[in-house]
Each structure stands twice: as structure tokens, then as C-alpha cells.
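# Chains, contacts and geometry: an overview
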Amino acid sequence: MKNLNVNEIDSDIFSLIEKSIEVMEKAYAPYSKFKVGAALIDSSGGIHTGCNIESCDYTLTSHAEMVAVDSMVKSGERKINIIAISMISENVSIPCGLCRQKLAEFASDDLLIYGVAL
């Protein structure tokens with residue numbers, strides 16, 4: 001993982017990060033208070049977003065990355081080129097094992113993952 005300064009991020013990536021922040025605000029996280037948003041670009045240039053949606057038992061919780069991938073697949077696409085994941089946290093967290101598996105299932109050969117902590 002590499003830390004980047006805002007000035008080191010090109011405008012397209014910055015726009016994707018902004019989309020992940022916008023959707024993060026819509027997250028439903030009344031139990032953990034850990035809101036997460038994800039925005040990805042598929043191999044056709046389409047943008048798909050997702051936020052986490054908690055359930056009180058946590059096993060039925062939908063993760064932001066999974067929701068974004070599901071949205072991509074629902075639209076007929078199958079390859080992720082770039083994903084931005086935003087969270088309200090002191091440190092950037094890497095995707096959990098479930099999300100890494102789902103990302104790997106649909107990742108392009110050179111998938112880029114941007115994590116943003118706010």
C-alpha cells in the first residue's frame with residue numbers, strides 16, 4: 001500500500017473517490033457506526049457504487065465493495081479496473097477477506113484499489 005497526497009491523484013481517480021464518499025454518506029451503519037462507500041470503474045468505463053448496509057446480527061450485512069460489484073454484474077459487466085473505497089476512520093482499512101475474494105473474482109489483471117480514510 002502506498003500513501004498518496006491529494007495532489008498526486010489524477011482528476012478521474014479523484015472523481016471516483018468523490019463518488020465513493022457520496023455513497024458512503026448513504027450507508028446504513030447504526031450498530032458499528034463504520035460507514036463505508038465504494039465506487040468502481042468497469043472495463044467499459046461504467047461507474048458502479050455501493051455502501052455498507054448493516055443488520056443487527058452482522059451476518060446479513062452487505063459490504064460496500066460487494067454491493068458495488070453486484071451493481072456492476074447486474075448491469076452486465078464482468079471486469080473491475082479501478083475501485084475506490086472510502087470510510088470514516090483514522091486509518092485506511094483493507095477490504096475484508098470476503099470482499100477481497102469477490103474483487104478477485106471480477107478483477108482485471110491490473111486492478112487498482114484506492115482506500116480513503118476521512
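Residues numbered from 1 in each chain as written. Predicted model: local features only at pLDDT ≥ 70, side-chain atom pairs only at ≥ 80, totals over all residues. Heavy atoms only, no water.

## So, a nonpolar patch on the surface
Nonpolar side chains collect at one region of the surface, where Tyr-28, Tyr-31, Ile-53 and Tyr-58 lie side by side and expose about 420 Å² of accessible area between them. The class of Tyr-58 is partly exposed, set by a relative accessible area of 45%. (Patch = residues over 30% accessible without salt bridge, like charges linked within 9 Å, V, L, I, M, F, W, Y side chains within 5 Å. Areas by Shrake-Rupley, 256 points an atom, 1.4 Å probe, with all protein chains shown as cover. Salt bridge = Lys/Arg side-chain N within 4 Å of Asp/Glu carboxyl O. Buried < 20%, exposed > 50% of the residue type's maximum accessible area, 1.4 Å probe, protein only.)

## Observations concerning the nonpolar core
Generally speaking, a soluble globular protein has its nonpolar side chains buried in company with each other. Residues Ala-38, Leu-40, Val-69, Met-72, Ile-80, Ile-83 and Ile-85 are the most contacted members of the largest nonpolar core, which totals 13 residues. Setting aside residues no more than four positions away along its own chain, Ala-38 makes contact with Ser-20, Val-23, His-48, Thr-49, Gly-50, Ala-64, Glu-65, Ala-68, Ile-83, Ala-84 and Ile-85. Ile-13, Ile-41, Ala-84 and Val-116 belong to the second largest nonpolar core, which has 10 residues in total. (Core = buried A, V, L, I, M, F, W, Y, C linked by side-chain atoms within 4.5 Å. Contact = heavy atoms within 4.5 Å.)

## Some remarks on the side chain of Thr-61
By the secondary structure assignment, Thr-61 is in the loop between β2 (47-51) and α2 (64-74). Taking relative accessible area as the criterion, Thr-61 reaches 16% and is therefore assigned buried. Looking at Thr-61, its side chain comes within polar contact range of the main-chain nitrogen of Ser-55, at 3.2 Å. Within polar-contact distance, the side chain of Thr-61 engages the backbone oxygen of Tyr-58 at 3.2 Å. For Thr-61, the contacting residues outside a window of four places in its chain are Ile-53, Glu-54 and Ser-55. (Helix = DSSP H or I, 4+ residues; strand = E, 2+ residues; numbered from the N terminus. Polar contact = N/O pair within 3.5 Å; in protein donor to acceptor, adjacent residues only side chain to side chain.)

## Details of the environment of Ile-113
Note on placement: Ile-113 falls in strand β4 (residues 107-117). We classify Ile-113 as partly exposed; its relative accessible area is 45%. Distance from Ile-113 to Ile-83, taken between C-alpha atoms, is 5.0 Å for residues 30 residues apart in sequence. If we ignore the near neighbours within four places in the chain, the residues touching Ile-113 are Ile-83, Ile-85 and Leu-103.

## Observations regarding the sheet that holds β2
Across the sheet, four strands lie side by side as β2-β1-β3-β4; this open sheet has mixed pairing. Strand pairing shows two members of the sheet lacking a second neighbour, β2 and β4, which therefore form its edges. Strand-to-strand, the axes of this sheet are offset by a mean angle of 15°, without reference to chain direction. As paired elements, strand β3 (residues 80-87) and β4 share seven bridges and run parallel to each other. The residue bridging Ile-83 from the neighbouring strand is Ile-113, located in β4. Where helix α1 (residues 11-24) meets the sheet, its contacts fall on β1 (36-42), β2, β3 and β4, and the angle it forms with β3 comes to roughly 50°. Its contacts with the sheet put helix α3 (residues 97-106) on β3 and β4, and the angle it makes with β4 is roughly 145°. (Pairing = 2+ DSSP bridges. Axes fitted to C-alpha atoms, helices over the stretch in contact; angles between N-to-C directions.)

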